[in-house]
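# Remarks on the overall topology
Residue-level listing of the chains:
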Amino acid sequence: AHLLAYNRSLMEMTFAIIKPDAVRARHTGRIIERIEEAGFTIRAMQLRHLTVKEAEGFYAVHKERPFFASLTTFMSTGPCILMALESEDAIKKWRGLMGATDPAKADAGTLRKEFGASIENNATHGSDAPDTAAFELGYFFPGIQFAR
């Protein structure tokens with residue numbers, strides 16, 4: 001039991017989105033299968049059609065960037081899948097599985113290479129750091145205590 005408790009302490013949580021382009025193209029099942037094959041445990045998941053206002057709040061860190069309006073509009077074009085993923089080194093591991101933001105520059109075998117079409121329509125989103133993951137998880141899964 002002590003070893004199990006120790007291993008649990010190495011676990012990390014990250015936030016992931018299967019974006020509207022991938023949901024629309026019916027890639028959801030294959031992406032979730034890849035997530036599970038990579039060793040992640042899905043701790044929470046919901047299908048949600050974001051409003052522009054929700055997308056603006058979520059991406060508020062990018063408010064001054066030139067792509068903010070197109071990004072928030074795109075993220076509200078259809079349903080997406082929101083997930084809390086758990087694994088050892090989850091943030092780094094999920095970003096590696098997703099691949100580079102630009103699918104054209106993403107490594108072979110990554111989700112964005114396989115399912116993404118452009119920098120904006122790149123199939124997935126993932127937290128880039130522990131503080132970002134904490135904000136993003138809390139934004140969409142407020143008050144949820146993730147079972148250990």
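It should be emphasised that the depicted structure is a prediction, and the values quoted were computed from it without experimental measurement. (Residues numbered from 1 in each chain as written. Predicted model: local features only at pLDDT ≥ 70, side-chain atom pairs only at ≥ 80, totals over all residues. Heavy atoms only, no water.)

### Observations concerning the packing of aromatic side chains
For the record, the criterion: Under the pairing criterion, centres of Phe, Tyr and Trp rings, with the six-membered ring standing for Trp, must be within 6.5 Å; the plane angle then separates stacked pairs below 30 degrees from edge-to-face pairs above 60, leaving the rest tilted. Geometrically, a lysine NZ or arginine CZ counts as sitting over a ring once it is within 6 Å of the ring centre and also within 35 degrees of the ring normal.
In total, this model carries nine aromatic pairs according to the counting rule given. Members of the aromatic cluster, joined through ring pairs, are Phe-15, Phe-58, Tyr-59, Phe-135, Tyr-139, Phe-140 and Phe-141. Geometry around Phe-40 places Lys-93 over its ring, the cationic atom sitting 4.9 Å from the centre.

### Some words on the side chain of Asn-122
Applicable threshold: Secondary structure follows DSSP: runs of H or I at least 4 residues long count as helices, runs of E at least 2 residues long count as strands, and numbering of each begins at the N terminus. Only protein chains enter the calculation, and the probe is 1.4 Å; a residue is then buried if its accessible area is under 20% of its type maximum, exposed if over 50%, and partly exposed in between. The contact rule is simple, with two residues in contact once any of their heavy atoms fall within 4.5 Å.
Inspection of the secondary structure assignment puts Asn-122 in the loop between α7 (111-115) and β4 (124-126). Accessibility expressed as a relative area gives 1% for Asn-122, which makes it buried. The residues touching Asn-122, leaving out its near neighbours within four places in the chain, are Lys-19, Asp-21, Thr-101, Pro-103, Arg-112 and Gly-116.

### A word on the confidence of the model for the protein
To keep it simple, the criterion reads: A score from 0 to 100, pLDDT tells how confident the predictor is in each residue.
Of the residues in the protein, 91% reach a pLDDT of 70 or more, and the chain-wide mean stands at 92. Below a pLDDT of 50 lies the segment residues 1-6, which in the model reaches zero contacts outside its immediate sequence neighbourhood of four places, other chains included.

### Here we look at helix α3 (residues 28-37)
Keep this limit in mind: In this description, one arc is meant: the one made by directions from the helix axis to the C-beta atoms.
All of the buried residues in α3 are Thr-28, Ile-31, Ile-32, Arg-34 and Ile-35. Along the axis of α3, the buried positions cluster into a sector of 155°, meaning they face one direction only. For α3, the exposed residues lying more than 90 degrees away from the buried face are Gly-29 and Glu-37. Taken from the residues just after α3, Gly-39 is the one with a positive phi, measuring 100°.

### Comments concerning unusual backbone geometry
Positive phi is not limited to glycine here, since Arg-26 has a value of about 65°. By secondary structure assignment, the location of Arg-26 is in the loop between α2 (20-24) and α3. Phi is positive for Asp-89, which is not a glycine, with a value near 50°. If you trace the backbone, Asp-89 turns up in the loop between β3 (80-88) and α6 (90-98). The class of Asp-89 is partly exposed, set by a relative accessible area of 43%.

### What about the pairing of strand β1 (residues 11-18)?
For the record, the criterion: Paired strands are those between which DSSP finds at least two bridges.
Of all the eight residues making up β1, six are buried; the element is thus mostly covered by neighbouring parts of the structure. Relative to β3, β1 is paired through eight bridges, and the arrangement is antiparallel. Counted as the bridge partner of Phe-15 is Ala-84 from β3. In terms of strand pairing, β1 meets β4 through three bridges, oriented antiparallel. If you follow Ile-17 over to β4, its bridge partner there is His-125.

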